[in-house]
Amino acid sequence: MTALLHTKDLAVGHRGRVLLRELGLVLNAGELVALLGVNGIGKSTLLHTLTGALPALQGEVLLKGETLSRLHPRERAKRVSIVLTERASPALLDVRTVVALGRQPWTDARGRLTSEDERVVDQAMAQAGVADLAGRDLAHLSDGERQLVMVARALAQDTPLLLLDEPTAFLDVVNRARVLALLRQLADGGRGVLFSTHDVAQALRLADRLLIAHADGTVWQGTVVEAREQGALESAFGTAVP
Amino acid sequence: MRTGAFALLLVLLGLLFLAHLAIGSVRVPLVEVFAGLFGTAKDPAHALIVGGVRLPQALTAMLAGAGLATSGLLMQTLFRNPLAGPSVLGIGSGAGLAVAVVMLAGPFWRSWGLPADLVIEGAAIAGAFAVLAIILFADRRVQDGITLLIVGLMLGYLCAALVSFLEVASDSAALKGFVLWGMGSFAQVTTERLHWLAVPVLVGTLAALRLVKPLNALLLGEAYAHSLGTRVNRLRTGLILITGVLAGTVTAFCGPIAFLGLATPHVARALLGTGDHTRLLPATLLMGAVLALACDLVVRWPGLAGRVPLNAVTSLLGAPVVVWVLLRGRNWVRGT
């Protein structure tokens with residue numbers, strides 16, 4: 001089976017400054033993988049490089065076996081979607097319209113939705129639990145609701161690989177649990193899900209595997225059990241981890 | 001209500017268009033207006049007033065309004081700033097400075113045999129691009145929309161100051177022409193010159209209408225737009241080109257017109273209740289034509305005739321809209 005995501009000797013960073021290097025990551029369908037590491041270590045940079053928004057400094061990213069940089073933007077957008085940390089608060093867009101934007105890689109030049117697109121949008125909203133919010137203005141939602149809507153938008157994009165940059169960062173405990181449970185459910189449904197987080201405890205509880213970014217620019221990979229045995233978290237965070 | 005908005009705009013546009021042809025220092029009966037449009041007016045004076053004077057002015061107003069409103073909406077989406085617009089960001093002033101340079105330098109190039117309209121139009125578009133380039137550069141460096149607006153306003157003052165210095169050094173005929181232009185008017189475009197305005201505006205608005213899908217993606221920010229398959233750099237270049245051509249062309253022929261580009265998209269948003277460009281963009285350009293006709297109708301109203309400058313009327317409409325947008329308190333300072 002071809003991995004959804006495979007990186008070969010990948011180095012990521014900004015303006016030539018390398019943050020993370022020698023990355024040989026593999027992510028398969030059905031896996032929920034957490035990306036852990038201290039602030040500023042390059043987690044967001046890595047995720048943006050995996051979508052092609054930032055160029056790789058070295059090495060390459062393969063999506064289902066094809067080189068990311070050689071994919072047509074539309075083809076790329078059919079393979080990988082992302083939920084960002086930044087608050088998108090456009091004026092006067094209702095939730096359904098925002099979720100429907102996820103269909104853009106699949107729609108015609110004017111972005112018209114077919115009945116199949118409508119069905120996928122409905123399904124995405126139902127799955128993320130935001131169907132009740134359909135007519136609400138995105139700008140008037142709570143942070144938790146907004147985050148779920150952005151996840152629904154990514155679901156509507158219908159990509160096998162889903163990346164999320166700190167999806168629980170600004171959420172309260174209840175919404176944090178909701179979002180993480182949804183991610184677990186999506187992975188169980190066959191998607192590959194990679195999310196960055198500060199919440200080590202939740203990551204240990206839910207994720208199939210961990211990617212742990214270390215200060216020397218390397219990324220440790222392994223299961224939760226292996227991470228405990230090898231002390232990978234302690235070496236990354238510098239303190240004892242529950 | 002939602003589809004009704006377009007019907008309402010079209011009806012308003014039709015009514016204002018007819019009113020514009022009928023009302024003025026001379027009142028032309030509606031029958032004669034229709035007759036004048038088809039070249040069958042009984043009174044030759046009516047035929048001249050309707051076909052020769054008011055029709056080109058009404059068309060100019062509609063084209064200018066639609067062009068400015070479209071460029072305003074594109075800028076608001078591009079800069080993710082609801083207070084962006086061709087006049088506040090100094091685009092009109094940049095075009096104005098370029099027009100001042102070529103107008104005041106008229107004695108030099110007028111003997112070359114180039115069409116004057118083409119020279120002025122080219123200069124205005126170049127001036128608009130120059131300011132847009134500076135604004136884009138500033139946008140990459142400032143944190144919030146208000147700072148960007150202040151940069152734009154300062155660019156406007158700078159251009160106006162440079163124009164004042166140019167005026168001192170110019171001969172009186174060139175100066176008079178430029179001062180007249182600087183007051184803003186839809187009355188300066190005759191039927192023979194109309195195509196210089198109409199073609200760029202039509203091409204620009206049609207090009208904008210083809211971009212509604214990536215424009216919608218851009219509402220979520222550049223990173224999301226990229227992840228949805230938008231070629232963000234190409235889109236940005238396209239939007240700058242269209243905005244510069246629209247704002248530059250209109251400024252070249254009608255002078256710097258305040259607020260129409262900034263205020264119209266907000267009026268259209270309020271009417272439609274959506275930021276979705278699929279409907280907002282067509283509604284904005286129709287609304288631009290409607291508001292420009294309405295403003296020009298006030299300017300030409302019998303009794304006021306010609307004594308109130310167009311910019312006073314557009315400011316009367318636009319300034320309250322800006323205050324309203326600010327007071328409504330939507331979170332429009334961009335997030336981190």
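Okay, so let's go over this structure. (Residues numbered from 1 in each chain as written. Chains lettered and ligands numbered in written order. Predicted model: local features only at pLDDT ≥ 70, side-chain atom pairs only at ≥ 80, totals over all residues. Heavy atoms only, no water.)

Turning our eyes to something else, we now look at the overall build of chain A. A count of helices and strands for chain A gives nine helices and 11 strands. Here the C-alpha radius of gyration of chain A, 18 Å, is about what a compact globule of 242 residues would show, namely 18 Å. Principal-axis analysis of the C-alpha atoms gives chain A an extent of 50 × 40 × 35 Å. Classification of the 242 residues of chain A by burial places 55% in the buried group. A fraction of 67% describes how many contacts in chain A between residues 6 or more apart in sequence connect residues 24 or more apart. (Helix = DSSP H or I, 4+ residues; strand = E, 2+ residues; numbered from the N terminus. Rg over C-alpha atoms; globule rule 2.2 N^0.38 Å. Buried < 20%, exposed > 50% of the residue type's maximum accessible area, 1.4 Å probe, protein only. Contact = heavy atoms within 4.5 Å.)

Okay, a nonpolar patch on the surface next. Residue and element names in this part refer to chain B. A contiguous nonpolar patch, built from Ile146, Ile150, Leu153, Met154 and Tyr157 and spanning about 510 Å² of accessible area, is present on the exposed surface. Assignment of secondary structure puts Ile150 in helix 7 (residues 145–168). Residue classification places Ile150 among the partly exposed positions, given a relative accessible area of 43%. (Patch = residues over 30% accessible without salt bridge, like charges linked within 9 Å, V, L, I, M, F, W, Y side chains within 5 Å. Areas by Shrake-Rupley, 256 points an atom, 1.4 Å probe, with all protein chains shown as cover. Salt bridge = Lys/Arg side-chain N within 4 Å of Asp/Glu carboxyl O.)

Turning our eyes to something else, we now look at the nonpolar core. Within the largest apolar cluster, 187 residues are counted, with the highest numbers of intra-cluster contacts made by A:Leu194 and A:Leu210. Counting residues per element, this core draws most heavily on helix 14 (residues 277–299) of chain B, which supplies 13 residues. (Core = buried A, V, L, I, M, F, W, Y, C linked by side-chain atoms within 4.5 Å.)

Bringing the interface of chain A and chain B into the picture now. Each partner contributes to the interface: chain A provides 38 residues, whereas chain B provides 23 residues. In total, about 2,500 Å² of surface goes out of reach between chain A and chain B, with carbon and sulfur atoms giving 57% of it. Considering only the surface of chain A that becomes buried against chain B, A:Glu86, A:Leu92 and A:Gln104 emerge as the three largest contributors, covering 24% of it. At the surface where chain A touches chain B, the tally comes to zero salt bridges. For the pair chain A and chain B, the number of links is nine residue pairs in polar contact (both at pLDDT 80 or more). Within the residue set of the side of chain A that touches chain B, elements represented by two or more residues are helix 1 (43–51), helix 2 (73–79), strand 7 (80–83), helix 3 (95–101) and helix 5 (143–156) of chain A. When residues of the side of chain A that touches chain B are assigned to their parent elements, the largest contribution, four residues, is made by helix 2 of chain A. (Buried area = accessible area lost by both parts, 1.4 Å probe. Polar contact = N/O pair within 3.5 Å; in protein donor to acceptor, adjacent residues only side chain to side chain.)

Time to look at the pattern of salt bridges. All names here are of chain A. Scanning all chains against the criterion turns up 16 salt bridges over all chains. Note that Arg21 is salt-bridged to Glu22, the shortest N-O span being 2.9 Å. For Arg21, a relative accessible area of 32% corresponds to the partly exposed category. Classification of Glu22 by relative accessible area gives exposed; the value is 54%. Across the pair Arg96 and Glu118 runs a salt bridge, and its minimum N-O distance is 2.4 Å. Residue Arg96 is located in helix 3, and its partner Glu118 is located in helix 4 (residues 115–128); the two are separated by 22 residues in the primary sequence. Each of Arg96, Glu118 and Asp122 takes part in a single network of salt bridges with overlapping partners.

Residues and elements named next belong to chain B. When you line up the elements, Ala270 lands in helix 13 (residues 260–272). Given a relative accessible area of 51%, Ala270 falls into the exposed group. Along the sequence, Ala270 and Ala225 sit 45 residues apart, while their C-alpha atoms lie 25 Å from each other.

With that settled, consider the side chain of B:Thr264. Residue and element names in this part refer to chain B. Mapped onto the elements of the fold, Thr264 is located in helix 13. By relative accessible area, Thr264 is classed as buried at 0%. In contact with Thr264, not counting residues within four places along its chain, are Ala69, Phe259, Thr284, Met287, Gly288 and Leu291.

As a further point, take the packing of aromatic side chains. In total, this model carries zero aromatic pairs over all chains according to the counting rule given. Positioned above the aromatic ring of B:Phe137 is the side chain of B:Arg141, whose terminal nitrogen or guanidinium carbon lies 3.9 Å from the ring centre. (Phe/Tyr/Trp six-rings, centres within 6.5 Å; stacked < 30°, edge-to-face > 60°. Lys NZ or Arg CZ within 6 Å of the ring centre and 35° of its normal.)

All right, on to the packing of helix 4 (residues 91–104) of chain B against helix 8 (residues 172–182) of chain B then. Residues and elements named next belong to chain B. Orientation of helix 4 relative to helix 8, taken along the N-to-C sense of each, is 155°, at an axis distance of 9 Å. One finds that helix 4 runs roughly antiparallel with respect to helix 8. Judged by the sense of rotation from one axis to the other, the crossing of helix 4 with helix 8 is right-handed. Here helix 4 contributes Gly96, Val99, Ala100, Met103 and Leu104 to the contact with helix 8, which in turn contributes Ala174, Leu175, Gly177, Phe178 and Trp181. Looking at the contact of helix 4 with helix 8 residue by residue, the class counts come to eight nonpolar, two polar and no charged. (Axes fitted to C-alpha atoms, helices over the stretch in contact; angles between N-to-C directions. Parallel < 35°, antiparallel > 145°, perpendicular 65-115°, else oblique. Left-handed = near helix turned anticlockwise from the far one by under 90°. Nonpolar A, V, L, I, M, F, W, Y, C, P; charged D, E, K, R; others polar.)

A few words on the side chain of B:His266. All names here are of chain B. Structurally, His266 is set in helix 13. Judged by relative accessible area, His266 falls into the buried class, the value being 4%. Contact partners of His266, with chain neighbours within four places excluded, come to Gln76, Pro82, Val321, Trp324 and Val325.

Time to look at the sheet that holds strand 9 (residues 192–196) of chain A. Residue and element names in this part refer to chain A. Strand order in this open sheet of six strands is 7-8-9-4-10-11, and the pairing throughout is mixed. Every interior strand has two partners, whereas the edge strands, strand 7 and strand 11 (219–223), have only one. The average angle at which neighbouring strand axes cross in this sheet is 15°, direction not considered. Against the sheet, helix 5 makes contact with strand 7 and strand 8 (161–165), and its axis sits at roughly 175° relative to strand 7, the strand it touches most. Against the sheet, helix 6 (residues 173–188) contacts strand 4 (32–36), strand 8 and strand 9, and its axis sits at roughly 150° relative to strand 9. (Pairing = 2+ DSSP bridges.)

No statement about biological role is implied by the geometric values presented.
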